[in-house]
Amino acid sequence: MTSSGGTGTGTGCVMHVRCPERLPEAVYRQVLELLGDLSPVVQASPPSAALVDLRGALRCHGVDGDRIEEVRRLGEVLRIRSISRLGVDLRIGIGPTIAVAATASGQAARDGAATGGVVAVEAEGVAAWLAPLPVEALHGVGRRQASALREYGVDRVGLLAGLPPATVQRLLGGTAGRAASERARGIDPRPVVPRELPASATVSHSFPRQTLDGAEVRAALLDLVVRLGLLLRRRGQAARGLRLTLRFAAGGAWEKTRRLPEPSGHDDDLRALAYQLMDAAGLQRGRLTGIGLRAEDLLDAEQVARQISLDEAREARLAAEEAADDIRDRFGPTVIGPAAVYRRAS
């Protein structure tokens, strides 16, 4: 799908990529790596989106930036690679600004069959393309803002673009109104700023039925510790902090974060702190539907000094952990259960 209009200069400078919701973080990182092959300027927008500045990359890929169809094909190639290599079906928007590209990817997500998963908008046709869209489709306009505009009969982006900016500011507030008014007219001066995925790693578990704190919950927590530790060690990272999230049957949640005494990616250290966090929750009769464990404030594991320990049990577990990692890398992550790592501790 393309907009109507001529082939203006700087047709498709920005690409906005939407991943499927609830995409695992490890897979999301792989998507970012694919985008890095496309352009060196990639801005991660977790948990499931990213921006790419195409200006310096089009010539490298033999694409004429003034021809919108050529730029669109670049998005199609990216989508095919993502599906074939990662099994991830992306929705892609391309336009002259971040707001236009993000609005375009939203339309690709709403009607993937009709658009082929890629919507490209050329610079000269931005106003005509935006005009018939509902106001809530414009990137940056939330439900409350859309509701406020609709109360005054402004239900399309074209109508919003036609209002004096001062009027929009009175309806939505100063900053929000100014941004909405400009974006409705295709104006968005924000640059794509290279940004990697935030330094964190998350694993979670959902219970098939409501569960009280007990052996089942502790076993699930231990499994999360082992999964998280394996993820960190494969990345070559260590965590400075750990966050535990508990989700309850009534719909609420409990979260608490604590710092590790020393940065670590070892199961032994993560387990001790995870159990402390669980004890701090003080659960009695609360029924759980899920738990999550998040390693925060990560750093390169090579920056962490290895301390010699006189604790023979700990040294044995670290040796077992290293051996278990090798076996999991060779035969799969589930070949050794989490409890096996700690059997020598007793």
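Computed from a prediction, not measured in an experiment: that's the story for all the values here. (Residues numbered from 1 in each chain as written. Predicted model: local features only at pLDDT ≥ 70, side-chain atom pairs only at ≥ 80, totals over all residues. Heavy atoms only, no water.)

K.L.:
Honestly, the overall build of the protein in this entry has me stumped. Any pointers?
P.N.:
Counting its secondary structure elements, the protein contains 12 helices and 9 strands. Looking at the protein alone, contacts between residues at least 24 apart form 70% of all its contacts between residues at least 6 apart. If you sum the accessible surface of the protein, you get close to 17600 Å²; carbon and sulfur atoms cover 49% of it. (Helix = DSSP H or I, 4+ residues; strand = E, 2+ residues; numbered from the N terminus. Contact = heavy atoms within 4.5 Å. Areas by Shrake-Rupley, 256 points an atom, 1.4 Å probe, with all protein chains shown as cover.)

K.L.:
I'm lost on the sheet that holds strand β9 (residues 288-300) in this one. Help?
P.N.:
What holds strands together in a sheet is hydrogen bonding between their backbones, with the strands either parallel or antiparallel. Taking strand neighbours across the sheet as the criterion, the 4 strands line up as β6-β9-β7-β8 in an open arrangement whose pairing is antiparallel. Edge positions in the open sheet fall to β6 (200-211) and β8 (253-264), since each of these has one partner strand only. Across the sheet, the mean angle from the axis of one strand to that of its neighbour is 15 degrees, orientation sign disregarded. Direction of pairing for β6 relative to β9: antiparallel, over a ladder of 8 bridges. Each bridged residue has a counterpart across the sheet, and for S206 the counterpart in β9 is G290. In this fold helix α11 (residues 267-281) packs onto β7 (237-248), β8 and β9, with an angle of close to 150 degrees to the strand it touches most, β8. (Pairing = 2+ DSSP bridges. Axes fitted to C-alpha atoms, helices over the stretch in contact; angles between N-to-C directions.)

K.L.:
Please clarify how the environment of L74 should be interpreted in this entry.
P.N.:
If you trace the backbone, L74 turns up in helix α2 (residues 68-86). Along the backbone, L74 and H61 are 13 residues apart, and their C-alpha atoms lie at a distance of 8.2 Å. In contact with L74, not counting residues within four places along its chain, are L38, L54, L58, H61 and V63.

K.L.:
Teacher, can you tell me more about the sheet that holds strand β4 (residues 91-95) here?
P.N.:
With mixed pairing, 5 strands are arranged side by side in an open sheet as β2-β3-β1-β4-β5. At either margin of the open sheet sits one strand with a lone partner, and together these are β2 (42-45) and β5 (118-120). Taking each pair of neighbouring strands and ignoring which way they run, the sheet shows an average axis angle of 15 degrees. Pairing geometry for β2 and strand β3 (residues 49-53), over 4 bridges, is antiparallel. Residue S45 lies in a different strand from β3, and its bridge partner there is A49. Sitting on the sheet, α2 is in contact with β1 (14-18), β4 and β5, with an inclination near 155 degrees to β4.

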